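# Structural overview for review
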Amino acid sequence: MAAARLARRIGDAATVYDQDPVSVAPLIGEGFPTVTGAWSFELLDGVDALVVSPGVPQRARPIVDAIEGRVPVWSEIEYAYRSSVSPIVAVTGTNGK
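This text gives an overview of the structure that appears in the document. Just so we're clear, the structure is a prediction, and the values are computed from it rather than from any experiment. (Residues numbered from 1 in each chain as written. Predicted model: local features only at pLDDT ≥ 70, side-chain atom pairs only at ≥ 80, totals over all residues. Heavy atoms only, no water.)

This part is about the overall build of the chain. Per the secondary structure count, the chain includes 4 helices and 4 strands. Listed by position from the N terminus, the elements making up the chain come as α-β-α-β-β-α-β-α. Over its C-alpha atoms, taken along the principal directions, the chain stretches across nearly 35 × 30 × 25 Å. Within the chain, buried positions represent 23% of all 97 residues. Here the contacts in the chain between residues at least 6 apart in sequence split such that 32% fall between residues at least 24 apart. For the chain, the exposed surface amounts to about 7000 Å²; the carbon and sulfur share of it is 55%. Taking the 8 positively charged and 11 negatively charged side chains of the chain as two groups, their mean positions are separated by 7 Å. (Helix = DSSP H or I, 4+ residues; strand = E, 2+ residues; numbered from the N terminus. Buried < 20%, exposed > 50% of the residue type's maximum accessible area, 1.4 Å probe, protein only. Contact = heavy atoms within 4.5 Å. Areas by Shrake-Rupley, 256 points an atom, 1.4 Å probe, with all protein chains shown as cover. Lys, Arg positive; Asp, Glu negative; His and termini not counted. Charge placed at Lys NZ, Arg CZ, Asp CG, Glu CD.)

Structure representation (structure tokens):
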């Protein structure tokens, strides 16, 4: 949700995908284009980058399809970094937590 809201704020187009419509309900209410239900490779048509929420497994079909289709795959953190004009300091703990 944060990545979609950032995209809107900086003028990037964003369509949100989740299998579960309940998960994207708040974004639907904010007017974001959303796709729910079964994943389809065709959802990557015209996509410049796939921004993945934390916790989505690396072998999830959307990620695998994006890599195979040569669509860049970014984490939410990377998307925020690429969108920032401010210096970044990142602190992590054990295992990236």
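Further remarks concern unusual backbone geometry. Even without being a glycine, R70 presents a positive backbone phi close to 60 degrees. Judged by its relative accessible area of 77%, R70 falls in the exposed class.

As a further point, take the environment of A90. Of note, A90 is situated in the segment after helix 4 (76–83). A residue is classified by how much of its surface remains accessible, and A90, at 67% relative accessible area, is exposed.

Here we take up the packing of aromatic side chains. Between two aromatic rings, the relevant description is the distance of the centres plus the angle of the planes. Under the defined criterion, the tally for this structure stands at 2 aromatic pairs. Considering the side-chain rings of Y17 and W39, the 5.0 Å spacing of their centres and the 70 degrees angle between planes classify their relative orientation as edge-to-face. Taken together, the residues Y17 in strand 1 (residues 16–18) and W39 in the loop between strand 2 (34–36) and strand 3 (50–52) connect sequence positions 22 residues apart. Centroid distance W74 to Y79: 6.2 Å. Interplanar angle 20 degrees. Geometry classified as stacked. (Phe/Tyr/Trp six-rings, centres within 6.5 Å; stacked < 30°, edge-to-face > 60°.)

Everything listed here is a matter of coordinates, which is why it stays silent on function.
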